[in-house]
Amino acid sequence: MTALSTLAVTLDDVLAAQELLGGIIARTPIETSRALGQMVGGEVFFKCENLQRAGSFKVRGAYVRMARLSEEEKALGVVAASAGNHAQGVAVAAKRLGIRARIYMPLGVALPKLQATRSHGAQVILHGHNVDEALAEAKRFAEETGAVFVHPFDNVDVVAGQGTVGLEVIEQIPDVDTILMGVGGGGLLAGVAVAAKARAAQLGREIRVIGVQAENAAAYPPSLAADAVVPLQKVATMADGIAVGLPGQIPFSIIRELVDDVVTVSEDSLARALIFLLERAKLVVEPAGAVGVAALMDGKLAELGIDAKKTAVILSGGNIDPMLLLKVIQRGLSAAGRFLTVRMMLDDRPGSLATISRIIAENDANVTGVDHTRVGGSIAMGDVAITIDMETKGHEHSQQVLEALRAEGFQPVVMHV
């Protein structure tokens, strides 16, 4: 406990945050996933922060940070920058505390997130083409006006507030041995690690805490290897809630001391996890909230040599744009072998399309779309390009359809979503 007491955020800080949040946030439920438990050979539980106020855990840290402002600071108002969850968390906290909130969001931000933030009473300013540009403008406004800048993760009060998720997990699943969650800047992972590790030490046992990042936005593995924050040159992932190119200094200082490991998952794995949560758990979760599920489905714990008996996965948010959800569902079905798109070049003569349709029908696949093109830079005179979308029943069934087409002399090329 000596090492824990010297960190920037301690268990006492998290306990004080929990008391401050009493009656403000929802104590989100724990759901059991028998299907995922069978996959990994142990019990799996979901901590449903996707059902939290404003749709994510972010309101916890935002409220703690803002509730501790002086009356003079509150009178000056707060400013923040975000493309979604942090914006809504700040807006909800500001409304509850009677503080003026000005939030910068990038141009092109998803309409549902923009409308939700405004509906909580915050003034929203659209600025820049990405969060970094919005962030720079928010900081400029804070320096110019004296408004308090509310950082999404690099602040001790914010980390303490997010750590209350970990306290609830321990209270709701007393014998949990492993906790997984997504990590972007690191506020949630750092806070949960402090709470879980300290509680476990008090009980004379250990709890593993694992962070999960999208592989195209994974700043923590190189930073931990270098023992210093290392910025990414490029961040590209559907998981916009954890698309952070530079870890926070405060979270990093805690994570390098307490967190057991940080693993990464692919975009296809993320899409499969979202499909699983929709179909098997009946839960709507955003990509950033599903990375822990993706890690379990990919066998990441086994790769680390961990034999977890009781695993909690924090579903950190549920704010997903319906348009993105449509794309993710299609990608997830494709990754699972349940949606197949093929392109073929054919001689432009009657009967070819009918033959293809017959082969697909005989192999029990269902055509959902056909594109028939005679002109284009790569299409020769007398040829036609056919692109067919179809529903299949898995990778083996998809391979069966492809082999049947090839047996009839066609050369289908699989198009990845």
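Right above here is the structure, for reference.
Below is a short write-up of the structure. The structure presented is a predicted model; accordingly, all values stated were derived computationally and were not measured.

What counts, and at which threshold
- Residues numbered from 1 in each chain as written.
- Predicted model: local features only at pLDDT ≥ 70, side-chain atom pairs only at ≥ 80, totals over all residues.
- Heavy atoms only, no water.
- Core = buried A, V, L, I, M, F, W, Y, C linked by side-chain atoms within 4.5 Å.
- Buried < 20%, exposed > 50% of the residue type's maximum accessible area, 1.4 Å probe, protein only.
- Helix = DSSP H or I, 4+ residues; strand = E, 2+ residues; numbered from the N terminus.
- Contact = heavy atoms within 4.5 Å.
- Salt bridge = Lys/Arg side-chain N within 4 Å of Asp/Glu carboxyl O.
- Pairing = 2+ DSSP bridges.
- Axes fitted to C-alpha atoms, helices over the stretch in contact; angles between N-to-C directions.
- Parallel < 35°, antiparallel > 145°, perpendicular 65-115°, else oblique.
- Left-handed = near helix turned anticlockwise from the far one by under 90°.
- Nonpolar A, V, L, I, M, F, W, Y, C, P; charged D, E, K, R; others polar.

Grouped together as the largest cluster of nonpolar side chains are 69 residues, with contacts concentrated most on Met66, Val78, Val90 and Ile179. Of all the elements, helix H10 (residues 187-202) adds the most residues to this core, at ten residues. Contacts of Met66, omitting those with residues within four sequence positions, involve Lys74, Val78, Val90, Ala93, Ala94, Leu97, Ile99 and Val150. Judged by nonpolar contacts, the second largest core, of 35 residues, contains Cys48, Leu180, Leu277 and Ile306.

This next bit is on unusual backbone geometry. The backbone phi angle of Ala54 is positive, close to 65 degrees, even though this residue is not glycine. Mapped onto the elements of the fold, Ala54 is located in the loop between strand S2 (43-48) and helix H4 (58-67). Residue classification places Ala54 among the buried positions, given a relative accessible area of 17%. Despite not being glycine, Asp227 shows a phi value in the positive range, around 55 degrees. Topologically, Asp227 is positioned in the loop between helix H11 (220-226) and helix H12 (249-258). On the basis of relative accessible area, Asp227 is assigned to the partly exposed category, the value being 48%.

Our focus in this paragraph is the pattern of salt bridges. Taken as a whole and assessed by the stated rule, the structure comprises 23 salt bridges. Linking Arg27 and Glu171 is a salt bridge whose minimum nitrogen-to-oxygen distance equals 2.9 Å. You can see Arg27 sitting in the loop between helix H2 (11-20) and strand S1 (30-32) and its partner Glu171 sitting in helix H9 (residues 156-172), a full 144 residues away along the chain. Taking relative accessible area as the criterion, Glu171 reaches 37% and is therefore assigned partly exposed.

Moving on: the sheet that holds strand S3 (residues 78-81). Within the open sheet, the four strands sit side by side as S5-S4-S3-S6. Their pairing is parallel. Each edge of the open sheet carries a strand with a single partner, namely strand S5 (123-126) and strand S6 (148-149). In this sheet, strand S4 (residues 101-105) lies alongside S3 in parallel orientation, the contact comprising four bridges. The partner of Val78 across the bridge, within S4, is Ala101. The strands touched by helix H6 (residues 85-97) within the sheet are S3 and S4, with S4 carrying the most contacts at an inclination of about 170 degrees.

At a minimum axis distance of 7 Å, the contact between H9 and H10 shows a crossing angle of 45 degrees. With respect to H10, the axis of H9 lies oblique. Crossing handedness for the pair H9 and H10: right-handed. From H9, Val159, Gln162, Gly163, Val165, Gly166, Leu167 and Ile170 reach across to H10, where they touch Gly187, Leu188, Ala190, Gly191, Val192, Ala195, Ala196 and Arg199. Grouping the constituent residues of the contact of H9 with H10 by class yields nine nonpolar, five polar and one charged.

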